[in-house]
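Inside the fold
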Amino acid sequence: MSVNKSVLKLIKNEKIKYLFWGIVTTVFYFVVRLLLDTFVTPVLSATITEILTIFFAFYVNRRFVFTKQKSKSLVYQLITFFSGRIVVMFADMLITFLAIEKYYAFFIAVFKLNTLAYALDSIIGINYLTGYRLNNLFWICIIQIFAIVFNFIVSKYLSFK
């Protein structure tokens, strides 16, 4: 019986809920971003993806994560939440522009991504990876790590406190 209470307590833990919904939001971000990358420029893809992710993240954080911290008005929560997310959006756009659009060849050369892509394709056997795609994926992961940490701080200590 105490194991069930421990599991229930763990599931109700705010950090665990944030981690779970953060993973779901990150998967949402990756799916939308990688889909859009095939149709539009990387910066436009980053912008559209960030906007959609902001709305998605606000909903899940307000509804499922920070359920007890609703002493602030909805307008206050929206303004602070969106302000924090807009910082991440501009960081995403800047990094995307510099590392994926403008200077991608530099990063591909420095990190030897064409060689890595060839080696990975040889192992996997799908002939899909390129240095450019690996560079894109690498920077998207860096952006998401920054986003998770920064957005938790804003959500926990400003928006939903």
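Just above sits the structure.
Residues numbered from 1 in each chain as written. Predicted model: local features only at pLDDT ≥ 70, side-chain atom pairs only at ≥ 80, totals over all residues. Heavy atoms only, no water.

**Quick notes on helix α4 (residues 74–102)**
Here α4 spans 39 Å end to end across 29 residues, near enough to the 42 Å set by a 1.5 Å rise per residue. Taken as a whole, α4 carries its principal kink of about 30° at T96. Regarding α4, the residues found buried are Q77, T80, F81, F82, G84, R85, V88, M89, D92, T96, A99 and I100. Along its buried surface, α4 packs onto α2 (14–37), α3 (42–65), α5 (104–110) and α7 (131–159). (Helix = DSSP H or I, 4+ residues; strand = E, 2+ residues; numbered from the N terminus. Expected span 1.5 Å × (residues − 1). Bend = angle between axes of the 7 residues up to and from the residue. Buried < 20%, exposed > 50% of the residue type's maximum accessible area, 1.4 Å probe, protein only. Contact = heavy atoms within 4.5 Å.)

**Considerations on the nonpolar core**
Listed in full, the 10 residues of the largest apolar core are Y18, I54, A57, F58, V65, F66, F81, F82, F152 and F160. Only α3 and α4 provide two or more residues apiece to this core. Sort the elements by how many residues they give to this core and α3 lands first, with 4 residues. Beyond its immediate stretch of four places on either side in the chain, F152 contacts K15, Y18 and F66. (Core = buried A, V, L, I, M, F, W, Y, C linked by side-chain atoms within 4.5 Å.)

**Comments concerning unusual backbone geometry**
For K112, which is not glycine, the phi torsion reads 50° and is therefore positive. Relative to the helices and strands, K112 resides in the loop between α5 and α6 (113–124).

**Focus: the side chain of N136**
Secondary-structure assignment places N136 in helix α7. The exposure class of N136 is buried, given its relative accessible area of 7%. Excluding anything up to four places from it in sequence, N136 contacts R33, D37 and I100.

**Here we look at the packing of α4 against α7**
For the pair α4 and α7, the least separation of the axes is 10 Å and the interaxial angle reads 160°. When the axis of α4 is compared with that of α7, the two are roughly antiparallel. For the element pair α4 and α7, the recorded crossing hand is right-handed. When its residues are assigned to classes, the contact of α4 with α7 shows 16 nonpolar, 9 polar and 2 charged. (Axes fitted to C-alpha atoms, helices over the stretch in contact; angles between N-to-C directions. Parallel < 35°, antiparallel > 145°, perpendicular 65-115°, else oblique. Left-handed = near helix turned anticlockwise from the far one by under 90°. Nonpolar A, V, L, I, M, F, W, Y, C, P; charged D, E, K, R; others polar.)

**Section: the pattern of salt bridges**
This structure, assessed with the given rule, holds 2 salt bridges. R33 serves as the salt-bridge partner of D37, at 3.7 Å between the closest nitrogen and oxygen. Of the two residues, D37 and R33 both sit in helix α2, 4 residues apart, roughly one turn of that helix. In this structure, R33 and D92 form a salt bridge, with 3.2 Å as the shortest nitrogen-oxygen distance. Note that R33 is positioned in helix α2 and D92 in helix α4, a separation of 59 residues in sequence. Of the two residues examined, R33 and D92, each falls in the buried class. (Salt bridge = Lys/Arg side-chain N within 4 Å of Asp/Glu carboxyl O.)

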